[in-house]
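Report on the structure
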Amino acid sequence: MRLSTEQRAAKVEAIVSDVDGVLTRGDIIFGPAGEWKIFHVQDGHGFAMARKAGLKVALLTGRSSDAVRQRASELQVNGVLEGVEDKGAGLVALLEKLSVEPGNACYIGDDLVDIPAMKKAGFPVAVVNAVAEVKHEAAWVTSRCGGDGAFREVVEFVLKSKGLWKDVLKRYGC
């Protein structure tokens, strides 16, 4: 029996995200101090909501930068893998460290290099501005673009699918 999108999302124990093109718009700015990236504040709050709801969160990226390490530290992620060429193998290794089975993981991507990880994840997600091949592999596509709150949208969808959203809202007096 094939699971619905919501059923797949309800099994998620960890959300693993690509960085460039998912947590950022994909722009890379080089300055005198190195590489700069622009992150969306709602995505940052999404990391906090996911953690408080008991989900593990991690980053998996093909690039390495101080900006990613600093943001990962601020977000208190459970794991970061940088400079990864084979994202399928990288996802499996990262999930082993987190003690999460691939079938219980969400992976969010936007470009061709993300497809091997998406094929391993139980709930593969593409941002709406992803390339067509990535959208084809996705169980769900966000309505928001990478770098514009797409990660937060995924967190909300997963928490709603798990029946945890009302508890999250109570923390904010809703």
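Residues numbered from 1 in each chain as written. Predicted model: local features only at pLDDT ≥ 70, side-chain atom pairs only at ≥ 80, totals over all residues. Heavy atoms only, no water.

Some points on the nonpolar core
Membership of the largest hydrophobic core comes to 52 residues, with the highest contact counts inside it found for Ile 15, Leu 60, Ile 108 and Phe 123. Per element, the largest residue contribution to this core is 7 residues, and it comes from helix H7 (residues 150-161). Apart from residues no more than four positions distant in its own chain, Ile 108 is found in contact with Ile 15, Val 16, Ser 17, Asp 18, Val 22, Val 125, Val 127, Phe 151 and Val 154. (Core = buried A, V, L, I, M, F, W, Y, C linked by side-chain atoms within 4.5 Å. Buried < 20%, exposed > 50% of the residue type's maximum accessible area, 1.4 Å probe, protein only. Helix = DSSP H or I, 4+ residues; strand = E, 2+ residues; numbered from the N terminus. Contact = heavy atoms within 4.5 Å.)

Quick word on the sheet that holds strand S5 (residues 79-81)
Across the sheet, which stays open at both edges, the 6 strands sit in the order S5-S4-S1-S6-S7-S8 with parallel pairing between neighbours. If you trace the sheet from one side to the other, it starts and ends with S5 and strand S8 (140-141), each paired once. Packing against the sheet, helix H4 (residues 87-98) makes contact with strand S1 (14-17), strand S4 (56-60), S5 and strand S6 (105-109), and its axis sits at approximately 150° to S4. Packed on one face of the sheet, H7 meets S1, S4, S6, strand S7 (123-126) and S8 and runs near 160° to S1. (Pairing = 2+ DSSP bridges. Axes fitted to C-alpha atoms, helices over the stretch in contact; angles between N-to-C directions.)

Considerations on the environment of Gly 83
Its location among the elements puts Gly 83 in the loop between S5 and H4. For the pair Gly 83 and Arg 51, spaced 32 residues apart in the sequence, the C-alpha separation amounts to 25 Å. Once residues within four sequence positions are removed from consideration, Gly 83 is found in contact with Thr 61, Gly 62, Arg 63 and Ser 64.

Some words on the side chain of Arg 152
Within the fold, Arg 152 resides in helix H7. For Arg 152, a relative accessible area of 17% gives the class buried. In terms of polar contacts, Arg 152 uses its side chain to reach the side chain of Glu 156, at 2.8 Å. When neighbours within four sequence positions are excluded, Arg 152 is seen to be in contact with Gln 42, Asp 43, His 45, Gly 46 and Met 49. (Polar contact = N/O pair within 3.5 Å; in protein donor to acceptor, adjacent residues only side chain to side chain.)

Points about the packing of helix H2 (residues 41-52) against H7
Two numbers describe how H2 lies on H7: the axes approach to 7 Å, and their chain directions differ by 30°. By the angle class used here, H2 and H7 are roughly parallel. The hand of the H2/H7 crossing is left-handed. Facing H2, whose interface residues are Gln 42, Asp 43, His 45, Gly 46, Phe 47, Met 49 and Ala 50, H7 presents Ala 150, Phe 151, Arg 152, Val 155, Glu 156 and Leu 159. Its residues assigned to classes, the contact of H2 with H7 comprises 7 nonpolar, 3 polar and 3 charged. (Parallel < 35°, antiparallel > 145°, perpendicular 65-115°, else oblique. Left-handed = near helix turned anticlockwise from the far one by under 90°. Nonpolar A, V, L, I, M, F, W, Y, C, P; charged D, E, K, R; others polar.)

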